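Chain by chain, the residues run as shown.
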Protein chains: 2
Amino acid sequence: MSALEQLIEALRRLPGVGQKSAQRMAYHLLQHDREGAQRLSAALAAAAQQVQHCQRCHTFSEAALCPVCLDATRDAKLLCVVETPADQAALERTGSYRGYYFVLQGRVSPLDGISTKDIGVAELLERASDGLVEEVILATSFTAEGEATAHVVGEVLRARGLRSTRLARGVPVGSELEYVDLGTIAHALVDRR
Amino acid sequence: MSALEQLIEALRRLPGVGQKSAQRMAYHLLQHDREGAQRLSAALAAAAQQVQHCQRCHTFSEAALCPVCLDATRDAKLLCVVETPADQAALERTGSYRGYYFVLQGRVSPLDGISTKDIGVAELLERASDGLVEEVILATSFTAEGEATAHVVGEVLRARGLRSTRLARGVPVGSELEYVDLGTIAHALVDRR
């Protein structure tokens, strides 16, 4: 396989990139942006080597502890549980949460043989039992698997006497009711305030 | 800027990749496919270093001459002019052309100050004047700039006494007439055979 074909093959492994996009990217980089290719190569190698997981909350971090865990001004009574570092980053960008996080390793999925053991619920229990945490906010996805994860994690926490809450379900901001799916409207009705 | 942010920044330079896709790619690579990240890094570095331009037709090649130019069984009477190595690869994949190629460095674009000098028309003239080429097929894009390029290149070739042809314009294979744009239908009518 030529270097060009190998590059196309490697680009195809990126999420959302098929054969045509990979070809386009490879030709673009070689024809118009060799410096960009070098930079991306270096950035990938550096990130793969330097980015580890925070020892406390398991999000991506280049140091042993991530900046959020190191921030002593945060509210230690709140612990927010998410599925991935990307979810944690999204919550952080909202700027409306001042507690700490715990990042699971994905979600439970019985069909794929992924149970609570595999996603780090034991570590979460240990983290939540530090004597400071008063409320664990379950911010897993609102998909079938995310809901199942929130359910089992909530049960495990309750067995330990820890209080858990779930993100509110409801109508997304900016949406017209007519176009919102019925399940969401039903939930918004039940959870009205 | 952290290694993760640098990676997202570098991924954003890929064509068709915005902030959100770049984030998704970076998180995916770090969370699920570090081996893919290493492989992509290596493939980029290798391609940027090894992939050069064929000295004869200027398409991408890892050797001084590309496999097509080295293929002595091709028809030396035909020379097909394209804008980019990607266009050359597309034509080659059709399997219906047995001549040689010449890859321009893009297309003329007076608004961007890109003239025939910048896209290598002098080299094309030299290549087409080898005494063997009898027909130069202009396979530039059917955009305003591609048409302009075909026009000026055709003029230059004619001044040298070289015959040039243009790819046929017409209705794309597999399309329903109702949905084909009117300019295309008009051309297909004029060029009917």
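Structural data are supplied above this passage.
Residues numbered from 1 in each chain as written. Chains lettered and ligands numbered in written order. Predicted model: local features only at pLDDT ≥ 70, side-chain atom pairs only at ≥ 80, totals over all residues. Heavy atoms only, no water.

### Some points on the relation of the copies chain B and chain A
Of the transformation superimposing chain B on chain A, the axial component is 0.0 Å and the angular component is 180°, with the fit at an RMSD of 0.1 Å. These values place the two chain copies in the arrangement generated by a two-fold rotation axis. The C-alpha atom lying nearest the rotation axis in chain B is that of Ser41 of chain B; the distance is 2.0 Å. A share of 100% of interface residues in chain B that are also interface residues in chain A marks the association as one of identical surfaces. (Least-squares fit on C-alpha atoms with pLDDT ≥ 70 in both. Contact = heavy atoms within 4.5 Å.)

### Brief notes about the sheet that holds strand E6 (residues 163-166) of chain B
All names here are of chain B. Judged by pairing direction, the sheet is parallel, and its 4 strands sit side by side in the order E4-E3-E5-E6 without closing on themselves. The strands lining the two open edges of the sheet, one partner per strand, are strand E4 (99-103) and E6. Neighbour to neighbour, the strand axes of the sheet diverge by 30° on average, direction disregarded. As judged from the 4 bridges shared by strand E3 (residues 75-82) and strand E5 (residues 135-138), these two strands associate in the parallel manner. In the strand pairing of E5, Val81 is matched with Leu138. Sheet strands touched by helix H5 (residues 85-94): E3 and E4. Its angle to E4, the strand with the most contacts, is close to 160°. (Pairing = 2+ DSSP bridges. Helix = DSSP H or I, 4+ residues; strand = E, 2+ residues; numbered from the N terminus. Axes fitted to C-alpha atoms, helices over the stretch in contact; angles between N-to-C directions.)

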